[in-house]
Amino acid sequence: MRRWYGLDEVPRDWGRSVVTIGVFDGVHRGHQAVVGRAARLAAELGLPSVVITFDPHPDEVVRPGSHPPLLASGTRRAALLGDLGVDAVMVLPFTLELSRMGPDEFVQSVLVDRLHAARVIVGEDFRFGHKAKGDVPLLRELGEKYDFEAEGVPLLADGDTISSTAIRAALADGRVEDAAHELGRPHRVEGVVVRGHQRGRGLGFPTANVESVPHTAIPADGVYAGFLVCDSERYPDARWPAAISIGTNPTFEGVARTVEAYALDRDDLDLYGEHVAVDFTARIRGMLKFDSIEDLIEEMNHDVEVAREATSG
């Protein structure tokens, strides 16, 4: 599978292809249906399939600070899209210049001149071009002009419409199980492990304090079961069952909101500076303020046992 960053990395001798295009935030089951349709059609036609996604999120360029919390980083999106059986993934840098292209110019410069699209598959709500003036009917019209066929695909899975907005709402409520169902996998928060107050180690539960990627969709404050994932030279392909805490540590009058993961029964890990991921599988409880450290430790022991059971399957 090929990966390109920008149009200039497309080989000059690239022939006709089946193209699908979108932000694909989260690469949820609805997005998977769109990309899957493109991959199947490409196989039927004997053509390569290409997925185009954007980085940064278009809203961040057009209206800085207005974009929604992101369900997946650009790197994660590209990897997930590549796992769907396509031949190439292109991350197209979204710039002000690109945002100002009219629908016709966008289609000609991206889909026609470089990718030589024979078919274009998009979500039925796909918008493109300056001020999002382009839609699927216009894409079909431009296809007649530039010799490709366009198709809008519903964002459906098992007959249900899948929505990134609904997934973000589920995460904001702490409903990580619902989010996982819509995504087709646990929601993931990525980042580098940084030094915190090291209270967890003093309490017998050393945690990895994860400094998340900017603009990440973080679940609601509370305690969760899930997995701490690391793939580095020191810890290749590691995936540890974990109890995860999100919040400000109210028992200690904390202010900063943190994501901390305790790998069950592991007090020997040195993760500082490592890039890790936290996968959320179940919510254990909301965030509480305890009257004493002893009460907190007792509850943390209970949380660990619940997390152990939730991740043992």
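Model, not experiment: these values are computed from the prediction. (Residues numbered from 1 in each chain as written. Predicted model: local features only at pLDDT ≥ 70, side-chain atom pairs only at ≥ 80, totals over all residues. Heavy atoms only, no water.)

1. A short note on unusual backbone geometry
And then number 1: Cis geometry is found at the peptide bond from aspartate 55 to proline 56, where omega equals 0°.
And then number 2: For proline 56, the position within the fold is in the loop between strand 3 (49-55) and helix 2 (58-62).
And then number 3: Positive phi values are uncommon outside glycine, yet histidine 215 reaches one of about 70°.
And then number 4: When you line up the elements, histidine 215 lands in the loop between strand 10 (208-212) and strand 11 (222-230). (Helix = DSSP H or I, 4+ residues; strand = E, 2+ residues; numbered from the N terminus.)

2. Comments concerning the domain arrangement of the chain
And then number 1: In terms of domains, the chain is made up of domain 1 (2-153) and domain 2 (187-311).
And then number 2: Here domain 1 and domain 2 have C-alpha centroids that lie 36 Å from each other.
And then number 3: Between domain 1 and domain 2, the residue contacts involve six residues of the former and six residues of the latter.
And then number 4: Regarding the contact of domain 1 and domain 2, the summed buried area is about 580 Å², with carbon and sulfur atoms giving 53% of it.
And then number 5: If you sort the residues of domain 1 by the area they bury against domain 2, Leu70, Leu71 and Arg76 come out on top, with a joint share of 59%.
And then number 6: Applying the counting criterion to the domain 1 and domain 2 interface returns zero salt bridges.
And then number 7: At the boundary of domain 1 and domain 2, one finds three residue pairs in polar contact (both at pLDDT 80 or more).
And then number 8: Residue composition of the side of domain 1 that touches domain 2, by class: three nonpolar, two polar and one charged. (Domains from an automatic or database assignment. Contact = heavy atoms within 4.5 Å. Buried area = accessible area lost by both parts, 1.4 Å probe. Salt bridge = Lys/Arg side-chain N within 4 Å of Asp/Glu carboxyl O. Polar contact = N/O pair within 3.5 Å; in protein donor to acceptor, adjacent residues only side chain to side chain. Nonpolar A, V, L, I, M, F, W, Y, C, P; charged D, E, K, R; others polar.)

3. A short note on the packing of helix 5 (residues 103-112) against helix 6 (residues 136-146)
And then number 1: Their axes nearest at 11 Å, the elements helix 5 and helix 6 cross at an angle of 60°. Classed by the angle they form, the pair helix 5 and helix 6 counts as oblique. Our pair here, helix 5 against helix 6, has a crossing hand that is right-handed. Taking contact as the criterion, the partners of Pro103, Asp104, Val107, Gln108, Leu111 and Val112 in helix 5 are, on helix 6, Leu138, Leu139, Leu142, Lys145 and Tyr146. (Axes fitted to C-alpha atoms, helices over the stretch in contact; angles between N-to-C directions. Parallel < 35°, antiparallel > 145°, perpendicular 65-115°, else oblique. Left-handed = near helix turned anticlockwise from the far one by under 90°.)

4. Digging into the sheet that holds strand 3
And then number 1: With parallel pairing, six strands are arranged side by side in an open sheet as 1-4-3-2-5-6. Looking at which strands have only one partner, the edges of the open sheet turn out to be strand 1 (2-5) and strand 6 (149-153). The average angle at which neighbouring strand axes cross in this sheet is 20°, direction not considered.
And then number 2: Examined bridge by bridge, strand 2 (residues 17-21) and strand 5 (residues 117-123) share four bridges and lie parallel to one another. Counterpart to threonine 20 in the pairing with strand 5 is isoleucine 121.
And then number 3: Across the sheet, helix 1 (residues 29-45) touches strand 2, strand 3, strand 5 and strand 6, and the angle it forms with strand 5 is around 160°. (Pairing = 2+ DSSP bridges.)

5. Description of the pairing of strand 10
And then number 1: Strand direction decides the pairing type here: strand 9 (residues 187-194) and strand 10, joined by four bridges, are antiparallel. Pairing of glycine 191 across the sheet is with serine 212, part of strand 10.
And then number 2: Here three bridges tie strand 10 to strand 13 (residues 258-263), and the two strands are oriented antiparallel to one another. Paired with asparagine 209 across the bridge in strand 13 is glutamate 260.

6. A closer look at the packing of helix 7 (residues 164-172) against helix 8 (residues 176-183)
And then number 1: Two elements in contact, helix 7 and helix 8, have axes whose closest approach is 7 Å; the angle formed by their N-to-C orientations is 155°. In terms of orientation, helix 7 and helix 8 fall into the roughly antiparallel class. Relative to helix 8, helix 7 is oriented so that their crossing is left-handed. Facing helix 7, whose interface residues are Ile167, Ala170 and Leu171, helix 8 presents Val176, Asp178, Ala179, Glu182 and Leu183.
And then number 2: Classifying every residue of the contact of helix 7 with helix 8 by side-chain character gives six nonpolar, no polar and two charged.

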